Amino acid sequence: MKPRILVLGAGFGGLELTTRLSEAMGDSIDVTLIDRSDAFIFGFSKLDVMFGHSTLDDVRLPYSSYAKPGVRLLRETVTAIDPVAKRVTTDAGMHEADYLIVALGAEYDIEATPGLSGANEFYSVAGAEKLREILADFQGGRVVIGVCGTPFKCPPAPSEAALMLHDYLLERGLRDKSEISFVIPFKTPVPPSPETSAALVEAFAERNIAFMPGKKVESLDPARKSVQLDDGSELPYDLFLGVPKHRVPPVVIDSGMSENGWIPVNPRTLETKYPGVYAVGDGAATGTPKAGVFAEGAARAVADALIAAISKSGEASLYSGAGSCYIEFGAGRIGRVDVDFFSGPAPTGVYYPPSTELRTDKEHFGASRRARWFGLNY
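Below, the structure is looked at part by part. (Residues numbered from 1 in each chain as written. Predicted model: local features only at pLDDT ≥ 70, side-chain atom pairs only at ≥ 80, totals over all residues. Heavy atoms only, no water.)

So, on to the sheet that holds strand S2 (residues 30-35). Taking strand neighbours across the sheet as the criterion, the five strands line up as S5-S2-S1-S9-S20 in an open arrangement whose pairing is parallel. Whereas interior strands pair on both sides, the edge strands pair on one side only; in this sheet they are strand S5 (71-75) and strand S20 (277-279). Direction aside, neighbouring strands of the sheet carry axes that sit 15 degrees apart on average. Sheet topology places strand S9 (residues 99-102) next to S20; three bridges connect them, and they run parallel. (Pairing = 2+ DSSP bridges. Helix = DSSP H or I, 4+ residues; strand = E, 2+ residues; numbered from the N terminus. Axes fitted to C-alpha atoms, helices over the stretch in contact; angles between N-to-C directions.)

Another point: the sheet that holds strand S22 (residues 322-330). Spatially, three strands are ordered S22-S23-S24 in an open sheet, and the strand pairing comes out antiparallel. The open sheet has two edge strands with one neighbour each: S22 and strand S24 (348-355). Ignoring strand direction, the axes of neighbouring strands in this sheet form an average angle of 15 degrees. Where strand S23 (residues 333-340) and S24 come together, six bridges link them in antiparallel fashion. When the bridges of S24 are listed, Ile334 appears paired with Ser355. Of the strands in this sheet, S22, S23 and S24 are in contact with helix H6 (residues 194-206), which crosses S22 at around 15 degrees. (Contact = heavy atoms within 4.5 Å.)

On to the side chain of Ser178, then. Residue placement: Ser178 occurs in the loop between helix H5 (157-171) and strand S12 (179-184). Owing to a relative accessible area of 8%, Ser178 belongs among the buried residues under this scheme. From its side chain, Ser178 meets the backbone nitrogen of Gly141 in a polar contact 3.4 Å long. A distance of 2.8 Å separates the side chain of Ser178 from the backbone oxygen of Leu174, its partner in a polar contact. With residues up to four places along the chain from it excluded, the contact list for Ser178 reads Phe138, Gly140, Gly141 and Leu169. (Buried < 20%, exposed > 50% of the residue type's maximum accessible area, 1.4 Å probe, protein only. Polar contact = N/O pair within 3.5 Å; in protein donor to acceptor, adjacent residues only side chain to side chain.)

Bringing empty space enclosed by the protein into the picture now. Counted under the stated rule, the structure contains one cavity of 30 Å³ or more. As a volume, the largest cavity reaches approximately 60 Å³. Lining the largest cavity, in full, are Gly281, Asp282, Ala284, Thr286, Thr288, Pro289, Lys290, Ala291, Phe294, Ala295, Ala298 and Tyr319. Among the elements that line the lining of the largest cavity, the one with the most residues is helix H8 (residues 292-311), at three residues. Considered class by class, the residues forming the lining of the largest cavity number seven nonpolar, three polar and two charged. (1 Å grid on protein atoms, 1.4 Å probe; cavity = no way out; pocket = protein on both sides within 12 Å on 5 of 7 lines; lining within 4 Å. Points joined across faces, edges and corners; volume = space filled by probe spheres on them. Nonpolar A, V, L, I, M, F, W, Y, C, P; charged D, E, K, R; others polar.)

Our next topic: the pairing of strand S7 (residues 87-90). By the alternation rule, side chains of S7 split into Val88 and Thr90, which are all buried, and Arg87 and Thr89, of which none is buried. When strand S6 (residues 78-82) meets S7, the two strands line up antiparallel, connected through four bridges. Residue pairing across strands places Ile81 opposite Val88, the latter belonging to S7. Hairpin remark: S6 followed by S7, antiparallel, with four residues in the connecting loop; positive phi at Lys86, about 55 degrees. Pairing of S7 with strand S8 (residues 93-96), which is carried by four bridges, proceeds in the antiparallel orientation. Residue Arg87 lies in a different strand from S8, and its bridge partner there is Glu96.

Taken by themselves, the reported measurements are silent on function.
And the structure:
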């Protein structure tokens, strides 16, 4: 019987993992990839949707375009996970596996921040779409961009939102009528890279964006239009753009795999405490950022381990904990930071200043994944 590999979640981790397995082993293995959605969307595309640079249809990559030898992609919702038996129940039936990889990502706990449900968040696709309409009607005022908890996906994204909002309001002739405040629990925008953080802080100052580090949004009062911070202070707002608290999906919590909201793993191999069960991506507690490029790197390490185990040849590779993040600085320019979490005693980051050339690099990053995973060469 062919080895059965079950992958839950068709995000960066699931797509790269199954693609790599297919390339190496083709029809000699039985790989099932399960996701409840009908399309993949790059996380960075949500800001483009929110600010009207793209429509949702522009950035959706339907899973119907995903076709790999040895892999079947099923649109099902996972309802139960038994990591001991490596058995998964969905709304369409039951799946059993020899190897189980949980790549369901992180979900947003809106209710964990009182009042957030009566305001706006921009991390979900639905939230970004809603804000697209709200921003189009916005006529100026006090805008607060606030992070409600850590860790959160794509740490540079709230900084990008602040800089892109500045450009958006400037283009609409509303910047002089508006104030932008940015609240983040970190002491710096990108902690592993002092150079990147300094460049962002300078960009905020140049654009008169009030940067408020080391503070977290504790609650909101939508009736009073007030944000309560964890230091006891308050910020009035006319428009709030929030980053909700994150956690693994409830089905993962119910499985017993998670601790303190995340799945414990060996950070270099992505193995959980359950034999033959791995976790990759935003739901895994690796100590690296929750971002697509890091999920992708972790998936490659797991794929190589499975290929070596099944073929009884070659060697497994360790997850490097390194990756690059592109950062929108506005005015058509993009910066980049290359971060490395495992090579030294402390995380490091190498900063590349914003330029139009790096925009081309970011576009290539997206295009190469569209081609690799979906066969879409554009």
